[in-house]
Structure formats: C-alpha cells, structure tokens
Amino acid sequence: MSRKIKKRAALLFVLFLSAGLYFNTDAYAEEKSGQNSQNKQEMQETPEPQEPEILTGWNQFDGLWYFYDDEGVYQTSCYVEGYWLDEDGAWRYPYQAYWHGGPGNWWYGDDSGWYAYNCWLKIDGDWYYFDAFGYMCYNCYIGACYLNDNGVYTDTENSRWAANISDSELAGYFSNSVVVGDSICSGFSMYCSGSGDPVANQFTFMASTSFGINNALTFHSTTPTYMGVKRPIWESIARSGASHVYISMGINDIGSDIFASQYESLISKIVQYSPGIEVTVCGVTGIRSGRERWVFTNANVNYWNAQLRAMCIRNGYGFIDLNSWVTDGYGLYAGYCSDGFVHQNSAAYSRWLEAFKSYGRAELVKYYD
C-alpha cells in the first residue's frame, strides 16, 4: 500500500472515531437531561408535609384516659360524660356522675352519694352553678354571671365575669390564708408543698398529729408551732396576719357530745384575736368502709358534719364538705385511703384541692356583684 493511501485510511479512521465519540456524548447529555426533568417532575409531585393530626375525644396514654375537645385541648378539673378529670386531665375517680331530677329541680351527683352544691362546676364544657341545697340555678344571675334557661353560664353584655375563673385568680383569693388541722390535714399540707399548683402554694398550715378542737381550747401539747414557737392556736393565727382561716379538724373529737359548741368556742377565740378574719370550717372526712371501730363510725361523721354545717349557716361561716369529695357512699373510698382507716393519699388530696377551688369559685363571684 502506498504512503498516500495509508494516510487517507488513517484519516478516515480518525474521523470515524470522532463521529462516534460525538454521538455518544450527545446521547449521554440527552439521557441526563431526561433524568433531571424526571427528577424535577417528581419533586413537584411530592405532597406538602401534613399538619399533625389533632387529638379529639377520649385518648389513652400510659394506661390513663384523657379527653380532648374539638380544638385538641385536653380538659382538666371538670366532668366529661359523667367522668371526673383530675387537675392533670386524667380520669381516676371510679364513680360516674349523672343529672338527676327534672325541670326546675335538676341536680348533679354520682353513685357514691356525692352531689354538687354551693359551687360552680364545669360539666361537658359548660359551667353551672348549684345552690346550697344542690339544685341547679337557671334563668338568673349569680353575682355578675347570667345563667340561661338551661342553667348554662352565658357571656352577655351585662355578664362581665368569666365563669371559668383562672387558677391565678383563685390563687389571689386564697392568698394570706391559714389552714389549721390534725394529722389528716397534715397530709394535705405535704401534698400542697409538693404541688406546682398556684392555689396549693397559697396556704400556710398549722397542723399536727392528734390535734383537735378540745386540745386547741386547752392549749395541749399537740398544738402546732408557728415560726418555731408553740402558742395557743388563736395567737399563732393572729401573728400570721391571715385574713382567712380554714379549720380542718374533728376526727379526734368525733365522740364528744359538745362537738359543734366546741367549734363555736374555738372560732370565737380566733375572731377575738383576729378581728375581721373570715372563717371557713372543713367537714370531717370518713372512715374506710368496714374499718369502723368504737366511736369512729361514718354515722357519727355524717351526723356531726350536718351539725357543723348548721352551725356555720347560723353564724355566717363558710363550710366545705370535704367528705363528699372522698366518700364511696359508705365511708372513705378505699382508693383514697393510705392506712386502712382514716388517713389519705395524694389522690384524695387532689380531690381536697378541687373542693377548695370549687368553694373559692363560689365565693369569688360575690366580688363581681
């Protein structure tokens, strides 16, 4: 083969390779362009992140049931479908409450014998007020709150107070309060000291084991100290500068036949040393069913609570029926009892706190008249 022919053949071979490389490069670029377009299309078709689903209705967490309203807010310290939800929103109280009676005399109570009276209560999202006899009020004003024909609090132009009083408002009401009591009350003191609830942190406690009405009147060795010094209880209360005293005693005096009159004597001493102080008596709580002995019977507890309530009405003192919040209808509910007799656990004291709050709501509305 001549040198000229060899040069032409070499040139043709180089041109062939160049053409092949050019073709493959274009094909690769086209393939990549197609992939990019597909990726863009897939990205455009990817759905937007979804908002978390709002919990509504009953939901269970860690074995406890909670209720969320239509906006996903869980409910606390109220009744929902007859079930009481504690301050943390959990359902623990075993008895279901129902509406009883009929038009004109509706009342609300549960299977244990408890019923609402002299208090505001939130039921299935609405606020109601129950009078001193336990009947639902309706078509009237309670303080500045208007209750419609169904008894439901209605926010109107002339009803400027919100029935759902905040805990901060309640804390203001209970500030500068002292609670005087026995060993059962001491348990409430310990519960409140460990609670983050703003109301629970308002109370000053003067309580000790075996302290009772008779002991208080005789300045007994069981009298609790205040600021490290033991004095007659009325002197300690006066030194505290309290504007409101809650007296939670009685289990140690339950056999006395002058129980109510002893209360009156003690209160007169307290008022003498602290003129203008508000006084509220807390009813005696019961004995666990089947564990009654000697004078410690639930019949005696119920009898003396009725006497105390009458004494308070007669003298214009407040009264909180604590027993109605912790009874099973026969005595102290077993699930609230810590020693098989009269002392109570944190679940019971959670109910105590709600009883105080319920009382505070009923009293606070008077300031909005």
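Coordinates for the structure precede this section.
Residues numbered from 1 in each chain as written. Predicted model: local features only at pLDDT ≥ 70, side-chain atom pairs only at ≥ 80, totals over all residues. Heavy atoms only, no water.

## With respect to a nonpolar patch on the surface
Inference 1: A surface patch of nonpolar side chains, amounting to about 350 Å² of accessible area, comprises W107, F133 and Y135.
Inference 2: Turning to its location among the elements, W107 is positioned in strand β6 (residues 107-110). (Patch = residues over 30% accessible without salt bridge, like charges linked within 9 Å, V, L, I, M, F, W, Y side chains within 5 Å. Areas by Shrake-Rupley, 256 points an atom, 1.4 Å probe, with all protein chains shown as cover. Salt bridge = Lys/Arg side-chain N within 4 Å of Asp/Glu carboxyl O. Helix = DSSP H or I, 4+ residues; strand = E, 2+ residues; numbered from the N terminus.)

## As for the packing of aromatic side chains
Inference 1: What the rule picks out here adds up to 43 aromatic pairs.
Inference 2: Note on F61 and Y68: the rings are 6.5 Å apart at their centroids and 75° apart in plane angle, and the pair reads as edge-to-face.
Inference 3: In this structure Y68 comes out as buried when scored by relative accessible area, which is 13%.
Inference 4: Their ring planes at 55° and their centres at 5.3 Å tell us that Y246 and F356 sit as a pair that is tilted. Residue Y246 is found in strand β16 (residues 244-248), and its partner F356 is found in helix α9 (residues 346-364); the two are separated by 110 residues along the sequence.
Inference 5: Residue classification places Y246 among the buried residues on the basis of a relative accessible area of 0%.
Inference 6: Assessed through its relative accessible area of 1%, F356 is described here as buried.
Inference 7: The rings of Y173, F174, F188, Y191, F203, F205, Y246, Y349, W352, F356 and Y359 are connected pair by pair, giving a single aromatic cluster. (Phe/Tyr/Trp six-rings, centres within 6.5 Å; stacked < 30°, edge-to-face > 60°. Buried < 20%, exposed > 50% of the residue type's maximum accessible area, 1.4 Å probe, protein only.)

## Quick look at the sheet that holds strand β17 (residues 278-282)
Inference 1: A sheet is described by the order of its strands in space; here five strands give the open sequence β13-β12-β16-β17-β18, paired in parallel fashion. A strand with exactly one partner marks an edge of an open sheet, and here the two such strands are β13 (203-207) and β18 (318-320). Across the sheet, the axes of successive neighbouring strands diverge by a mean angle of 20°, strand direction being ignored.
Inference 2: Alignment of β16 against β17, held across four bridges, turns out to be parallel. Counterpart to I247 in the pairing with β17 is V281.
Inference 3: The strands touched by helix α2 (residues 167-174) within the sheet are β12 (177-181), β13, β16 and β17, with β16 carrying the most contacts at an inclination of about 90°. (Pairing = 2+ DSSP bridges. Axes fitted to C-alpha atoms, helices over the stretch in contact; angles between N-to-C directions. Contact = heavy atoms within 4.5 Å.)

## Regarding the state of the cysteines
Inference 1: Across all of its chains, the model carries zero disulfides by this definition.
Inference 2: Unpaired in this structure, C185 has its nearest cysteine sulfur neighbour in C282, at a distance of 7.4 Å. (Disulfide = S-S within 2.5 Å.)

## Remarks on the packing of helix α6 (residues 259-273) against helix α7 (residues 298-315)
Inference 1: Where α6 meets α7, the axes come as close as 9 Å, and the angle between the chain directions of the two elements is 40°. Taken together, the axes of α6 and α7 lie oblique to each other. In this structure, α6 crosses over α7, and the sense of that crossing is right-handed. Contacts from F259, A260, Y263, E264 and I267 in α6 reach W304, Q307, L308, M311, R314 and N315 in α7.
Inference 2: Looking at the contact of α6 with α7, its residues break down into seven nonpolar, two polar and two charged. (Parallel < 35°, antiparallel > 145°, perpendicular 65-115°, else oblique. Left-handed = near helix turned anticlockwise from the far one by under 90°. Nonpolar A, V, L, I, M, F, W, Y, C, P; charged D, E, K, R; others polar.)

## Remarks on the side chain of S248
Inference 1: When you line up the elements, S248 lands in strand β16.
Inference 2: With a relative accessible area of 6%, S248 lands in the buried category.
Inference 3: When neighbours within four sequence positions are excluded, S248 is seen to be in contact with V180, G181, D182, C185, C282, L322 and W352.

## Quick notes on α2
Structurally, the α-helix is built with 3.6 residues per turn, so residues lying three or four positions apart point the same way.
Inference 1: Restricting attention to buried positions, one finds in α2 the residues L170, A171, Y173 and F174. All buried residues of α2 fall inside an arc of 160° around its axis, so they share one side.
Inference 2: Against the buried residues of α2 lie β12, β13, β16, β17 and α9.
Inference 3: Immediately beyond the C-terminal end of α2, within one or two residues, lies N176, with a positive phi of roughly 65°. (Arc of directions from axis to C-beta.)

Keep in mind that these numbers describe shape and distance, not what the molecule does.
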